[in-house]
Amino acid sequence: MYMPQNCNLEDAAHIKKFVDIPVVCAGRMEPDVGAEAVAQGRIDAVGVARQFLADGEWITKLMEDRLEEIRPCICCHNGCFNLAHYKGHANAQSFFDTRGMARCAINPQTMQSRKYKIEKASKAKSIAVVGGGIAGMEAAIVCARRGHQVTLYEKTGTLGGVFQAAAAPSFKEKDRELLAWYSRELSKYKNLKVKLNTTVENLDSLKADEVIIATGAKANTIPVPGKELGIQAVDYLLGRKSVGENVVVVGGGLTGCEIAYDLYLQGKKPTIVEMQNDLICGAGICLANSSYLRDFFKTNQVPVLLETGLKKIEKGSVVVAAKDGTETTIPADSVILSVGYRPAPLAAKSAHVHVIGDAAKVGNLRTAIWRAWDVAMKL
């Protein structure tokens, strides 16, 4: 996802000048750009793979000029190329999961149509979904498609939850397209109502047969002196807090690394502090994305301090400690904290209350969407 759109086109067009066989170009190709390149004779054809997984009707929707209905591929690789790699782990995924390539994080039905399918409910119920993040929106759509009367409650004025922050960096244009797709998709169903700026405090007041809790997660904090001087990752991504030139990012998971990457693209000087022995340690993050970020930081000499923990935040600096206990002071105009999340369900699971998404267990886009289907198909 960090590569630009149509990233291979110029190379492919150059190659075509020197060969007498057909040249096909793939790699984040946009349909209009690809069509123009073919018409101009710069390439012979466009190759598409992941977008078909995200939306199997992609070509039909293009032909019928239904572009806004296309569910966009966001290049996450969480379903189609799920080979997570970091130091000490050739593949952090289970073999059971890895063997299921060519699936799709945002479209569970791809290659899994026997498991994930829309069947009309035997009895139409009143279903309340509390939380308008990705999991909540997906659950609401699936329930509506099955014939239930659905009301989606979101306490803020915008749908998307924490994914709004994930979609904020400049290189996340496809994430923003996905949020727009969800907004349009929710408006298609007469049996689905969305209530924004609505806080739910008492589940009984909803008067629903079934309640789905999708209230997401809360950011973790580090109990160190000066923690109040730190900026939470979400606050930075959403533009709530500005940062200076020298920025220490505490936490080298995917979010922390993407923030450091975003800072570098802005011309700032990030430093990553991570307690693990590598960046982006964990399953569910494809090596195509994680290795790009690791290589980018190495190539561009972005300081990465592994096996290092935060000891203290001060005005203008942070104090960190290496594995052997050696402490170092790093100049820092700003400190961004990206140290994970913990579930924050509004209510506990019960016979008619179902908890999904990060409210059940912190995961990624794939876990949020697939688990939403797991619940919604059974109601």
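Scoring rules and cut-offs
- Residues numbered from 1 in each chain as written.
- Predicted model: local features only at pLDDT ≥ 70, side-chain atom pairs only at ≥ 80, totals over all residues.
- Heavy atoms only, no water.
- Salt bridge = Lys/Arg side-chain N within 4 Å of Asp/Glu carboxyl O.
- Helix = DSSP H or I, 4+ residues; strand = E, 2+ residues; numbered from the N terminus.
- Buried < 20%, exposed > 50% of the residue type's maximum accessible area, 1.4 Å probe, protein only.
- Pairing = 2+ DSSP bridges.
- Contact = heavy atoms within 4.5 Å.
- Arc of directions from axis to C-beta.
- Core = buried A, V, L, I, M, F, W, Y, C linked by side-chain atoms within 4.5 Å.
- Axes fitted to C-alpha atoms, helices over the stretch in contact; angles between N-to-C directions.
- Parallel < 35°, antiparallel > 145°, perpendicular 65-115°, else oblique.
- Left-handed = near helix turned anticlockwise from the far one by under 90°.
- Nonpolar A, V, L, I, M, F, W, Y, C, P; charged D, E, K, R; others polar.
- Phe/Tyr/Trp six-rings, centres within 6.5 Å; stacked < 30°, edge-to-face > 60°.
- Patch = residues over 30% accessible without salt bridge, like charges linked within 9 Å, V, L, I, M, F, W, Y side chains within 5 Å.
- Areas by Shrake-Rupley, 256 points an atom, 1.4 Å probe, with all protein chains shown as cover.

Colleague: What is the right way to read the pattern of salt bridges from this model?
Modeller: Once the charged atoms of two side chains with opposite charge are near each other, the side chains can pair. Evaluation of the coordinates by the stated rule reveals 17 salt bridges. Across the pair glutamate 258 and lysine 172 runs a salt bridge, and its minimum N-O distance is 3.0 Å. In this pair, glutamate 258 sits in helix α10 (residues 254-265) while lysine 172 sits in the loop between α7 (163-166) and α8 (173-186), placing the two residues 86 residues apart along the sequence. Taken as a pair, glutamate 258 and lysine 172 share a single burial class, namely buried.

Colleague: Sorry, what's going on with the pairing of strand β6 (residues 210-213) here?
Modeller: As a general feature of sheets, a regular strand has side chains that alternate between the two faces. Residues Glu210 and Ile212 of β6 are buried on one face, and the alternating residues Val211 and Ile213, pointing to the opposite face, are buried as well. Sheet topology places β6 next to strand β17 (residues 353-355); three bridges connect them, and they run parallel. In the strand pairing of β17, valine 211 is matched with valine 353.

Colleague: For this particular structure, what's the right way to read the side chain of aspartate 175?
Modeller: With respect to the helices, strands and loops of the structure, aspartate 175 is situated in helix α8. Apart from the residues lying within four places of it in its own chain, the contact partners of aspartate 175 are Ile74, Phe163, Ala166 and Ala167.

Colleague: Can you help me understand helix α1 (residues 9-16) in this one?
Modeller: Residues spaced three or four apart along an α-helix point in a common direction, a consequence of the helix completing one turn every 3.6 residues. Within α1 the residues assigned to the buried category are Leu9, Ala12 and Ala13. Down the axis of α1, the buried side of the element spans an arc of 100 degrees, and every buried residue falls inside it. Opposite the packed face of α1, turned more than 90 degrees from it, sit the exposed residues Glu10 and Asp11. In this fold, the buried residues of α1 make contact with β1 (24-25) and α2 (31-39).

Colleague: Would you take a moment to explain the nonpolar core for this structure?
Modeller: General note: in soluble globular proteins, nonpolar side chains tend to be found buried as a group. Within the largest apolar cluster, 72 residues are counted, with the highest numbers of intra-cluster contacts made by Ile212 and Phe297. Ranked by residue count, the leading element in this core is helix α6 (residues 134-145), at nine residues. With near-sequence residues (within four places) excluded, isoleucine 212 lies in contact with Ile127, Ala128, Val129, Val130, Ala139, Cys143, His354, Ile356, Val375 and Leu379.

Colleague: Explain the environment of phenylalanine 81 here, please?
Modeller: Of note, phenylalanine 81 is situated in the loop between α4 (58-63) and α5 (95-98). Exposure remark for phenylalanine 81: the relative accessible area of 30% places this residue in the partly exposed category. In this structure, the C-alpha to C-alpha distance between phenylalanine 81 and valine 234, residues 153 residues apart in sequence, is 27 Å.

Colleague: Can you walk me through the packing of α10 against helix α11 (residues 287-299) in this structure?
Modeller: Axes are the key here: two packed helices are described by the angle between their axes and the distance separating the axes. Relative to each other, α10 and α11 sit at 45 degrees, their axes nearing to 11 Å. Taken together, the axis directions place α10 and α11 in an arrangement best described as oblique. Relative to α11, α10 is oriented so that their crossing is left-handed. Touching Leu254, Cys257, Glu258, Ala260, Tyr261 and Tyr264 of α10 are Tyr292, Leu293, Phe296 and Phe297, all from α11. For the contact of α10 with α11, the per-class residue count stands at nine nonpolar, no polar and one charged.

Colleague: I tried to follow the packing of aromatic side chains on my own but got confused; where do I start?
Modeller: Think of a pair of aromatic rings as described by two things: how far the centres are apart, and how the planes are tilted against each other in angle. Tallied over the full model, the rule gives 13 aromatic pairs. Measuring from ring centre to ring centre gives 6.1 Å for tyrosine 116 and tryptophan 370, while their planes differ by 50 degrees; the resulting arrangement is tilted. A residue pair is termed long-range when its members are at least 10 positions apart, and tyrosine 116 in the loop between α5 and β3 (126-130) and tryptophan 370 in helix α12 (residues 365-376) qualify at 254 residues. Note on tyrosine 116: relative accessible area 1%, which makes it buried. Judged by its relative accessible area of 8%, tryptophan 370 falls in the buried class. A connected cluster of aromatic rings, assembled from ring pairs, spans Tyr2, Phe171, Tyr261, Tyr264, Tyr292, Phe296 and Phe297.

Colleague: What exactly am I supposed to notice about the packing of α6 against α12 here?
Modeller: Direction vectors running N to C along α6 and α12 enclose 30 degrees, while the axes themselves pass 8 Å from each other. Along this stretch, α6 crosses α12, giving a crossing that reads as right-handed. Here Ile134, Ala135, Glu138, Ala139, Val142, Cys143 and Arg145 of α6 lie close against α12, whose contacting residues are Leu365, Ala368, Ile369, Ala372, Trp373 and Ala376. Here the contact of α6 with α12 is composed, by residue class, of eleven nonpolar, no polar and two charged.

Colleague: Would you mind showing me how to read a nonpolar patch on the surface here?
Modeller: The grouping of Ile15, Phe18, Val19 and Ile21 at the surface amounts to a nonpolar patch, some 400 Å² of accessible area in total. The exposure class of isoleucine 21 is exposed, given its relative accessible area of 53%.

Colleague: Is there a simple way to think about the sheet that holds strand β11 (residues 304-305) in this case?
Modeller: The pairing of strands in a sheet comes from backbone hydrogen bonds and takes either a parallel or an antiparallel form. What the five strands build is an open sheet, ordered β8-β15-β9-β10-β11; its pairing is parallel. What marks the edges here is a single partner per strand, and that holds for β8 (231-232) and β11. Across four bridges, strand β9 (residues 246-250) lies against strand β15 (residues 334-337) in parallel orientation. When the sheet's bridge partners are listed, valine 249 is paired in β15 with isoleucine 336.

Colleague: Looking at this model, I keep getting lost on the environment of lysine 193. Mind explaining?
Modeller: Along the chain, lysine 193 falls in strand β5 (residues 192-195). On the accessibility criterion, lysine 193 (54% relative accessible area) is exposed. Distance in space between the C-alpha atoms of lysine 193 and cysteine 257 is 37 Å, their sequence separation being 64 residues. Contacts of lysine 193, omitting those with residues within four sequence positions, involve Val150, Thr151 and Leu152.

Just geometry here; none of it tells us what the structure is for.
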